[in-house]
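# Report on the structure
Okay, here's what each chain looks like letter by letter:
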Amino acid sequence: MDDVFRALADASRRELLDRLFARNSQTLNALCEGLAKSGASKSGASMTRQAVSKHLAILEHANLVATVKRGREKLHYLNPVPIHEIAERWIGKYERHRLSALAELKKGLEAKND
């Protein structure tokens, strides 16, 4: 899970994940082309092909991106499972507590109205 947090800590990598979420199954060329059209990444810095490739390798190592070779092309796919696991482990448990507190508050208020 540490690799996932490290990968998500960078704005450029999050932008690549957003691009794959919007349109899955992209080649390195397609991802670079999308960045070239916008002129720069959301983080404000433009990314070279080499930088995009490096970021994709980090995302792949963290299991956030899966790749499939098709002929000479390498297609990149978003893997949402690690993000879901983070949500379950780190966010979900805090939400459950808050929801339980709200349910108890509702019961208490309903009991006062009876």
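Everything below is about the structure printed above this text.
## Comments concerning the packing of aromatic side chains
Under the criterion given, the structure shown has zero aromatic pairs. Positioned over the ring face of Trp90 is Arg89, at 4.1 Å from the centre of the ring.

## Quick notes on the pattern of salt bridges
Within this structure, the stated rule accounts for five salt bridges. A salt bridge links Asp3 to Arg6, with the nearest nitrogen and oxygen atoms 3.1 Å apart. Within this pair, Asp3 and its partner Arg6 are both found in helix 1 (residues 2-8), separated by three residues, close to a single helical turn. Accessibility expressed as a relative area gives 33% for Asp3, which makes it partly exposed. The shortest N-O distance in the salt bridge between Glu60 and Lys74 comes to 3.9 Å. Here the residue Glu60 occupies a position in helix 4 (residues 49-61), and Lys74 occupies one in strand 2 (residues 73-78), the gap between them amounting to 14 residues. With a relative accessible area of 34%, Lys74 lands in the partly exposed category.

Conventions we followed
Residues numbered from 1 in each chain as written. Predicted model: local features only at pLDDT ≥ 70, side-chain atom pairs only at ≥ 80, totals over all residues. Heavy atoms only, no water. Phe/Tyr/Trp six-rings, centres within 6.5 Å; stacked < 30°, edge-to-face > 60°. Lys NZ or Arg CZ within 6 Å of the ring centre and 35° of its normal. Salt bridge = Lys/Arg side-chain N within 4 Å of Asp/Glu carboxyl O. Helix = DSSP H or I, 4+ residues; strand = E, 2+ residues; numbered from the N terminus. Buried < 20%, exposed > 50% of the residue type's maximum accessible area, 1.4 Å probe, protein only.

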